[in-house]
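# Fold and contact review
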Amino acid sequence: MTTTAKIAAAFMVLLALSSCGNTIRGIGKDTASAVNATQDAGRSVDRAAKK
C-alpha cells in the first residue's frame with residue numbers, strides 16, 4: 001500500500017468514527033427530549049387530577 005493510500009484510508013476511518021459520534025449524540029438529545037416531554041405530561045395530568 002502506498003503512503004497516499006494509507007493516509008486516505010486513515011482519513012476515511014476517522015470520518016466514519018466522527019459520523020458515528022454525531023449520531024450517538026443526536027440520539028441522546030432526542031431521548032432526553034422525549035423523557036422531558038413525558039415528565040411534563042405526567043405533571044400536567046397530576047395537576048389536573050388534584051383540581
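Keep in mind that this is a model prediction, so the values were computed, not measured.

### Thoughts on the environment of G26
- Structurally, the position occupied by G26 is in helix α1 (residues 3-50).
- Among the residues examined, G26 registers a relative accessible area of 24% and is labelled partly exposed.
- Taking the C-alpha atoms as reference points, G26 and K50, separated by 24 residues in sequence, lie 37 Å from one another.

### Describing the UniProt feature "signal peptide" (unreviewed entry) in the protein chain
- Listed under "signal peptide" (unreviewed entry) in the UniProt record, and renumbered for this structure, are residues 1-21.
- With 90% helix and 0% strand, residues 1-21 has end C-alpha atoms that lie 28 Å from one another.

Cut-off values and rules
- Residues numbered from 1 in each chain as written.
- Predicted model: local features only at pLDDT ≥ 70, side-chain atom pairs only at ≥ 80, totals over all residues.
- Heavy atoms only, no water.
- Helix = DSSP H or I, 4+ residues; strand = E, 2+ residues; numbered from the N terminus.
- Buried < 20%, exposed > 50% of the residue type's maximum accessible area, 1.4 Å probe, protein only.
- UniProt positions renumbered as here; feature names shortened; annotations may be inferred.

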